[in-house]
Every structure is written in structure tokens, then in C-alpha cells.
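# Descriptive analysis of the structure
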Amino acid sequence: MIQIKNIKKTFNPNTPQEVKALQNVSLVVQKGEYLVIIGANGSGKSTLLDVIAGNFLADEGSILLENQDVTQFADYQRSKWLARMFQNPLSGTASELTVLENFRIASLRTRKKGLKLGIDADFREEVFEKIKLLGLGLEQKINQPIGSLSGGQRQSLTLAMALMDTSKILLMDEPTSALDPKSAQMIMEKSAEFIQNFQLTALLVTHDLRDAQQYGNRLIEMKNGNINRDIAESKKNLSAQEIFGWFSEKE
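First things first, this report covers the structure right here in the doc. (Residues numbered from 1 in each chain as written. Predicted model: local features only at pLDDT ≥ 70, side-chain atom pairs only at ≥ 80, totals over all residues. Heavy atoms only, no water.)

Within the open sheet, the six strands sit side by side as β6-β7-β8-β3-β9-β10. Their pairing is mixed. Of all the strands in the sheet, the pair left with one neighbour each is β6 (82-85) and β10 (226-231). Strand-to-strand twist across the sheet, computed as the mean angle between neighbouring axes with direction ignored, equals 20°. Those strands touched by helix α1 (residues 45-53) are β3 (34-39), β6, β7 (169-173), β8 (201-205) and β9 (218-223), and its axis lies near 145° from that of β7. (Pairing = 2+ DSSP bridges. Helix = DSSP H or I, 4+ residues; strand = E, 2+ residues; numbered from the N terminus. Axes fitted to C-alpha atoms, helices over the stretch in contact; angles between N-to-C directions. Contact = heavy atoms within 4.5 Å.)

This next bit is on the packing of helix α2 (residues 99-108) against helix α4 (residues 151-161). At a minimum axis distance of 10 Å, the contact between α2 and α4 shows a crossing angle of 35°. Judged by the sense of rotation from one axis to the other, the crossing of α2 with α4 is right-handed. Across from Val99, Asn102, Phe103 and Ala106 in α2, the residues of α4 making contact are Leu157, Ala160 and Met161. Grouping the constituent residues of the contact of α2 with α4 by class yields six nonpolar, one polar and no charged. (Left-handed = near helix turned anticlockwise from the far one by under 90°. Nonpolar A, V, L, I, M, F, W, Y, C, P; charged D, E, K, R; others polar.)

This part takes up the nonpolar core. Core analysis: the largest hydrophobic core is formed by 44 residues, its most contacted members being Tyr34, Phe103, Leu157 and Leu170. Looking at which element gives the most residues to this core, the answer is helix α5 (residues 181-197), with six residues. Counting residues in hydrophobic clusters, the runner-up holds 26 residues, among them Ile37, Ala53, Ile220 and Met222. (Core = buried A, V, L, I, M, F, W, Y, C linked by side-chain atoms within 4.5 Å. Buried < 20%, exposed > 50% of the residue type's maximum accessible area, 1.4 Å probe, protein only.)

Between its first and last C-alpha atoms helix α3 (residues 121-132) spans 16 Å; for twelve residues at 1.5 Å apiece the expected length is 16 Å, and the two agree. Where α3 is buried, its residues touch α2 and α4. (Expected span 1.5 Å × (residues − 1).)

On to the packing of aromatic side chains. Scanning all chains against the criterion turns up three aromatic pairs. Relative to Trp81, the ring of Phe73 lies with its centre 6.3 Å away and its plane at 40°, an arrangement referred to as tilted. A relative accessible area of 25% means that Phe73 is categorised as partly exposed. (Phe/Tyr/Trp six-rings, centres within 6.5 Å; stacked < 30°, edge-to-face > 60°.)

Let us look at α5. Helix length check: α5, at 17 residues, gives a terminal C-alpha distance of 24 Å against a target of 24 Å (1.5 Å per residue), a fit within 8%. Within the sequence span of α5, burial applies to Ser183, Ala184, Met186, Ile187, Met188, Lys190, Ser191, Phe194 and Ile195. Its buried side turned inward, α5 meets β3, β6, α4, β7, β8 and α6 (209-214). The distance from a side-chain oxygen at the start of α5 to the backbone nitrogen of Lys182 is 3.1 Å, and the residue carrying that oxygen is Asp180. Gln199, located one to two residues past α5, shows a positive phi value of around 50°. (Polar contact = N/O pair within 3.5 Å; in protein donor to acceptor, adjacent residues only side chain to side chain.)

Structure representation (C-alpha cells):
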């Protein structure tokens, strides 16, 4: 569960460049919920994910992950609860390291730091089985540098890495924006499958209104640093055209 209460975040305060990115935002995301977040550029949706992840500390308010107050925790201190997929497929991986070595780094976020973790046969088999779930044959490239793979392949492996530790919350910040349409569709379908099968709590920020309509069981529209709409039960009845119409509404 994610509990956000009265969060405020301002960049460049008291200057001509001041931006009130989040204004008194409160939100509860239940365990196993798949929340999709949309909004125009500058609406605060990516900042909200960054504040949850600890990339930025909130100016005011509180954040609880699984009932633990993490408001003042740095990003690495929150990795016990969180896994993340970024816009750039390379952002969540180390290009020069092999697929196996990248999975070892992902696992070290929450497991006991033993020297043997990631180099024994059991760990290798665990990684092999997790990658095999993708159904892309990437388990055969476990010793290949991850930077040599395509963007879609790297993003798929980032998704599989989220299953390597105790993290139960998956943050996805426009994970398909840098991918070709076929790879983007594959990532969205696999993400939805993993979220359901492994009972993850997921937050997806997207500009793709078709994905916003198709995926998730709850939809939030952000506007001027606030939550403008919050739709759950009736989301399944929304059309992409109706969602598109929200962006043409006058202030």
C-alpha cells in the first residue's frame, strides 16, 4: 500500500523560475492496485513518481510505503519496497555489464549482502527462470552485455528484474516512450501479466491514452500539480476518445 498525504513540491522557490509541481496531493493506492496516471506536460505526474521513489524529497506532507513512513528516506533506502522502469531503457541497467550481472545488482538491493550472491548455480538458475517468463528467449543471452540488446529487450529485462527481490511496488514512468510500437505493446502486455500474476502494486505514468484506457483498474488525471480526476469503478467504461476530451477542456 502507498499512502500519500498533503504532499507539496516546489522547484526553484521564490525565483522567476518557480514551479509548484505538486500542490497538497493526497492519495492512497491499495495493495494489488494498478493505477494509471495521465496529464499534460508539467501537470506533476512524473514528479509524483519521483517523490514516491525518493528522487526528490517532498517539501511538505508524508509518504508511507507498507505502513512505513519513508518521507525522509533517500531513494536507495526505499528500494526495499520499490522497483522502477524508466523512459530510457538504459536508465535502469548498467550497459557494460552482462544480463546476469545486472540481475545480481538488482537482487542486492534487498537481500543480505553475501559475496556469493549472484555467482552460484542456484542464483543463475533463478535468473534463467525469471527471464524465461518473458517468453522472448532472452534467457539464452544471460552472459551477453545488456547494452548490446535492443531497447525493447532491455526494458523487458528491467521488468523481470523487478521480480528478483522483495519489492512489491512497481513504478513505471513512460516505459514505452522510447520503443517502437511492437516492442511497446509487448512491454505493456507483459507488465500487465506480471502485475497480476505476482500481485504487484503498480503506478504507470503514460502519455498514450490508448494504454491509459486499456490497462489498469484505476485512472488519475493530474492538472497543475493536483489530482483533477480519480476514476476507479467506472474506468472500464471509459473510451480513449473520452479521455482525450479531458485535455481540451478550458481551465
